[in-house]
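# Results of the structural survey
Given next are the chains, with one letter for each unit.
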Amino acid sequence: MGMFRWVAALAILCSCFPQARGAGQDGPFRAGAATVNITPPLGQPIVGGFSPVPATYVRDELHTRCLVLDDGRRKLAILLSDNVGIPREVHDAAKAWIDAETGIPPGDVLSASTHTHSATSARGENKVVAAKELTEYQRFVARRMADCARIALGNLEPAKIAWGRAEEPEEVFNRRWYVRDESLLQNPFGGIDRVRMNPPRGSEALIEPAGPVDPEIAFVSVRSRDGRPICLLANYSLHYVGGVPSGHISADYFGAFARRIGPAIGAEPHEPEFVGILSNGTSGNINNIDFRSAGERTAPYEKIERVASRLASLVAESERGAAFHDRATLDARLVEVTLGVRKPSPEQIEWAKGIRAKLAEGQPKVSDRDRVYCARIEQLASESPDEIRVPVQAIRIGPLGIAALPFEVFVETGLSLKKERPMDSAFTIELANGSFGYLPTADHHALGGYETWIGTCNVEVGAAARLEQRVLELWRGMREADGNR
Ligand SMILES: [Zn+2]
């Protein structure tokens, strides 16, 4: 058999039986990382709140950060970009470039937003309809993501890897509360909810939070064979922190953690530079506000820096005691799940017509909230599809499972995945590979509140449970493949 045919036969064998690829043929375990700047020009709208304001100042630059791992058989790229929520078409554009330019297929690339609320929008007009054309900024971000993966790939070097965890329960608060006061429970559509998102701080009306928190900070650390830190990827289930003046561009505590974790674990100036990454866990209903207390006065960025420094020192302490391994088996699966899109009820459509009429009369009393939900109901009623397909991805890095979901995921889903995982440990990166709105559990839909309102949550009530099951199936599939190996 000629050499070419022999190689071709081997290639066919390998693609049919991935487990048959002999361990003896594996190259060394390698890691590489990179950072690129994605700061937009001033003047573009910052979209953390209901009404966007133009950016007037850059307090700290926005970045895409990438970790590439290579177990000798497969390469995985994990990208985190400082943004409030990047739509699928931007991630897909970046993945297509990465595929064409590096050969890493889209299923082996996890691309997510950090969730800073003080970034210019890379969002589209409609969360359930893909934009036909990318905006100039979206195209720029996608191109830079691909650049980041390419640079990280170029930085690959033999490496060792460690996994670890710490806990910081003091900086996470469930933001949905049972309250005594019915006036706090009115939803935009004339109904009464059972829980209130972000109730007034220190109020007598507070009863108790309507759910748990997840205090875990999980991390993966990669170092060169001689011990130099290459990259640390952490995960914490806290929405943004905020305390950012209006008009400021900032990467919030995600950026502050990235700056602090290097020095905390002994990274020194080096070419290529160490890359710290903080990914967002399941924080759809979790924020940094202690609702029981009336609230302390803090200077801009004070809380961001406090939270980031706490997390960095806890992670550094845990990393110091972590055992480093010479290799880790990598795996990744990406599937599409079809979800029903929620449609407004006849009453909600009537309500929206009423608001639209008031707006047409120029009535100044229409609140921002009513104006926004009126537009969202109109959009869902007219131009939205009945179903959407969303990407669900599961990754394995040695004993660690990572779930990647394209929503603002509730903490209950993250905790359940951590509990049911078939691996030694697991965490979820939210706003990954897309950004389709909130993903409350069915139990939370029954309670109502902001995150469950149509227009905030756009997909079927059972979506969270279905996506959770899908991730578990993917992880189990990886376990089985591993058993056959
Ligand atoms: Zn958010």
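The rules we used
Residues numbered from 1 in each chain as written. Predicted model: local features only at pLDDT ≥ 70, side-chain atom pairs only at ≥ 80, totals over all residues. Heavy atoms only, no water. Helix = DSSP H or I, 4+ residues; strand = E, 2+ residues; numbered from the N terminus. Buried < 20%, exposed > 50% of the residue type's maximum accessible area, 1.4 Å probe, protein only. Contact = heavy atoms within 4.5 Å. Domains from an automatic or database assignment. Buried area = accessible area lost by both parts, 1.4 Å probe. Salt bridge = Lys/Arg side-chain N within 4 Å of Asp/Glu carboxyl O. Polar contact = N/O pair within 3.5 Å; in protein donor to acceptor, adjacent residues only side chain to side chain. Nonpolar A, V, L, I, M, F, W, Y, C, P; charged D, E, K, R; others polar. Disulfide = S-S within 2.5 Å. pLDDT = per-residue confidence, 0-100.

Here the focus is the overall build of the chain. Tallying secondary structure elements over the chain gives 10 helices and 23 strands in all. Dimensions of the chain, computed from the C-alpha atoms along their principal axes, are close to 80 × 45 × 40 Å. Sorting the 485 residues of the chain into buried and exposed places 53% on the buried side. A sequence separation of at least 24 residues applies to 82% of the contacts in the chain between residues at least 6 apart.

Right, let's get into the domain arrangement of the chain. On domain assignment, one finds that the chain holds domain 1 (27–176 + 204–341 + 384–484) and domain 2 (346–382). The gap between the C-alpha centroids of domain 1 and domain 2 is 33 Å. Summed over both partners, the interface of domain 1 with domain 2 buries about 1000 Å², with 57% contributed by carbon and sulfur atoms. Run the count over domain 1 and domain 2 and you get 0 salt bridges. Summed over the shared surface of domain 1 and domain 2, the number is 3 residue pairs in polar contact (both at pLDDT 80 or more). Along the lines of polarity and charge, the residues of the side of domain 1 that touches domain 2 split into 6 nonpolar, 6 polar and 1 charged.

On to the state of the cysteines. Throughout the structure, instances matching the rule amount to 0 disulfides. The thiol sulfur of Cys 231 is not disulfide-bonded, and the nearest other cysteine sulfur, from Cys 66, lies at 8.3 Å. Cys 457 supplies the cysteine sulfur nearest to Cys 374, a cysteine that is in no disulfide, at a spacing of 19 Å. On the basis of relative accessibility, which here comes to 0%, the residue Cys 374 falls in the buried class.

A word on the confidence of the model for the chain. Confidence in the prediction for the chain averages 92 pLDDT; 93% of positions are at 70 or higher. Averaged over each element, pLDDT in the chain is lowest for helix α1 (residues 3–16) (42) and highest for strand β14 (residues 229–236) (99). In the model, residues 1–24 has pLDDT below 50 throughout and makes 6 contacts with residues more than four positions away in sequence or in other chains.

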